[in-house]
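# Inside the fold
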Amino acid sequence: MNHRINLLMFSGDYDKALAGFILANSAKDIGLDVTMFFAFWGLFLMRQPDKTVENDKTFYEKIFGSVTPDNPETLPLSKMNMGGLGKQMLINMMKDKNAPRLIDLIQEARENKITFFGCKLSMDIMGLKKEELIPELQVVTAQDYLRDAISSNLQLFI
Amino acid sequence: MNHRINLLMFSGDYDKALAGFILANSAKDIGLDVTMFFAFWGLFLMRQPDKTVENDKTFYEKIFGSVTPDNPETLPLSKMNMGGLGKQMLINMMKDKNAPRLIDLIQEARENKITFFGCKLSMDIMGLKKEELIPELQVVTAQDYLRDAISSNLQLFI
Amino acid sequence: MNHRINLLMFSGDYDKALAGFILANSAKDIGLDVTMFFAFWGLFLMRQPDKTVENDKTFYEKIFGSVTPDNPETLPLSKMNMGGLGKQMLINMMKDKNAPRLIDLIQEARENKITFFGCKLSMDIMGLKKEELIPELQVVTAQDYLRDAISSNLQLFI
C-alpha cells in the first residue's frame, strides 16, 4: 500500500494555501496518496467563482457569502498583506520566476486526482452549499477526517 | 492499545480552538485516546473566569493577566474578527444551527476525560498559576509533550 | 534507529519560532533526531544579519530583502504584537525568568546539530541567496522535505 499524507487546510490565507498545494502536488509526484480536508476558512479554496447560491440562505449566510472571497486568487496573505500591496508584490515576484499561481496549483491538484474532503459542520455553519464548491469535493464529518488522517504517515494542520 | 492523537494547542484563536475541540471530541467518539497540550496563547483556553490570582505576580504578570482573556468565549477569531463584528456574526450563525459554543465543547472534552497538558515554560513566562487553570490540567515540560506526541498516531499544531 | 521529528517552520512569528526551537532542542535532549524545514516566512529565521546580498537581485527582491527582518530577534508576535509593545512586554517577562531569547535557542539548535533544510522554491521566489542564510542550511525541494517528513514519527506545521 502506498504511503499517504493528509493535509487539514484550515486557513484561507494565500501563502499557506500555496504551501499546502505545493506539498500535495509534490507528494503525488513521488507516489504518495494525498487527502486534503478543507475546513473553516480553508473551504474558500474550494469555492467556484460565479456559482454562489442565494436561495435557501439565511440573512447571515447571504452576507457571509458575499463578503468572503469566492476566488482563491483574491485571498490575502497571512502576513505582510498590507492591504493587498504585499500580496501584489509577492504575485509579481512569483510571475518573475514563472512560479504557478494558486489557481494553477489547485487545477493541478484536481488533475492529480487528489482526494478533496470538505468539512460538513463548517459548511453548515457558514451556509456553504455543496454546489458552490468544486464538484469532486466530498462532504465528510470530522470523524471521517480522523479515520483518514490516523492511517496516514504524515498529517499537517495548515 | 488504542490509537492516539495529540493536539498541540498553541493559538488562542476562537476559530482554531473550535477546530481543536471538535477534533478532540470526535476522536473520543470513535474510540481514540486524546491528549491536548496547551502552550502559549493556547493556555487561555484553560483559564477559569474569576480564578485570577494577583498575589506573587510581577508587575508585567499582573498586566498580562488582566489584558488577556480569562474566558474562552471572549477569544477573537484568527481572521475576519473585525473588532468583534465578524466574531459576533459567526456566533450568530452557529446559534442558528444549534452548534455548540466553545465553552460547551471544552466542557464536553472535560467530561470525555481528555488528557489536558499545560506547558510549564509558557506558564512560567506568562506568570499563569496552576490554580488559575482547569484543575485536571497537568503541568508538563516540552519533553513530556514530545514523549506523548511521538507515540501518537496523529499530531497537529493548532 | 532513533525516533525522528520534522518541523515545517512556515511562520516568521517570534512566538511560533520560540515554540519550534524549544521543541527542537527538547527533542534533541531526549535523544530524538530533528529536522527543521524552513519555508516562506520561516526562512527569516535563518537569515544572517549583515549578510544581505544586493547583487543579482531584481527590483522586487531588493525591496523585499530590505523591508523584511534579517534578525530573528526583530520578528513580530503572531498576536498581541501591538506595534511592538506586546512583543517588548513578552521579552521583558522572558528576561525576568531568565528564559533564553530566540537567537539563543537558534544558536543552541546549531550546536545540537539539528538538520536545517531551506525550501528552494521559497528562496527562488523571495530572492533569498544561500549565502544570506546560516551556512549549515541545506537547500532542498518540497519532495526532499516530504521524504524526510514521511519517515519521521512526528511532524508539525508551525
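Right, let's walk through the structure included here. In this text the structure is predicted, and so the values were computed from the model without any measurement.

Our focus in this paragraph is the relation of the copies chain B and chain C. For the pair chain B and chain C, the relating rotation is 120°, the translation along its axis is 0.0 Å, and the fit reaches an RMSD of 0.0 Å. The operation mapping one copy onto its partner corresponds to a three-fold rotation axis. Looking at the interface residues of chain B, only 13% of them are also at the interface in chain C, so each copy uses its own face.

Moving on, we come to unusual backbone geometry. Glycine aside, a negative phi is what most residues show, and trans is what most peptide bonds show. Although it is not a glycine, methionine 82 of chain A sits at a positive phi angle of roughly 45°. Following the sequence through the fold, methionine 82 of chain A ends up in the loop between α2 (59-67) and α3 (85-96). Even without being a glycine, lysine 113 of chain C presents a positive backbone phi close to 60°. Considering the arrangement of structural elements, one finds lysine 113 of chain C in the loop between α4 (102-111) and β3 (115-119).

Residue and element names in this part refer to chain B. Burial along strand β5 (residues 154-157) is two-sided: Leu154 and Leu156 and Gln155 and Phe157, pointing in opposite directions, are all buried. Summarising the sheet, strand β1 (residues 4-9) and β5 pair through four bridges and their orientation is parallel. Counted as the bridge partner of leucine 8 is phenylalanine 157 from β5.

What follows covers the relation of the copies chain C and chain A. The operation relating the two chain copies consists of a rotation about an axis and a shift along that axis. Mapping chain C onto chain A is achieved by rotating through 120° and translating by 0.0 Å along the same axis, at an RMSD of 0.0 Å. Comparing contact sets, just 13% of the residues at the interface of chain C also lie at the interface in chain A, consistent with a heterologous contact between different surfaces.

A separate point is the packing of aromatic side chains. Residues and elements named next belong to chain B. The final tally for this structure, using the stated rule, is 30 aromatic pairs over all chains. A centroid spacing of 6.2 Å and a plane angle of 45° characterise the contact between phenylalanine 44 and phenylalanine 64, whose relative ring orientation is tilted. Of this pair, phenylalanine 44 sits in the loop between β2 (33-38) and α2 (59-67) while phenylalanine 64 sits in helix α2; the two residues are 20 residues apart in sequence, bridging distant segments of the chain. Residue phenylalanine 44 is classed as buried on the basis of its relative accessible area, which comes to 3%. Residue classification places phenylalanine 64 among the buried positions, given a relative accessible area of 5%.

Rules used throughout
Residues numbered from 1 in each chain as written. Chains lettered and ligands numbered in written order. Predicted model: local features only at pLDDT ≥ 70, side-chain atom pairs only at ≥ 80, totals over all residues. Heavy atoms only, no water. Least-squares fit on C-alpha atoms with pLDDT ≥ 70 in both. Contact = heavy atoms within 4.5 Å. Helix = DSSP H or I, 4+ residues; strand = E, 2+ residues; numbered from the N terminus. Buried < 20%, exposed > 50% of the residue type's maximum accessible area, 1.4 Å probe, protein only. Pairing = 2+ DSSP bridges. Phe/Tyr/Trp six-rings, centres within 6.5 Å; stacked < 30°, edge-to-face > 60°.

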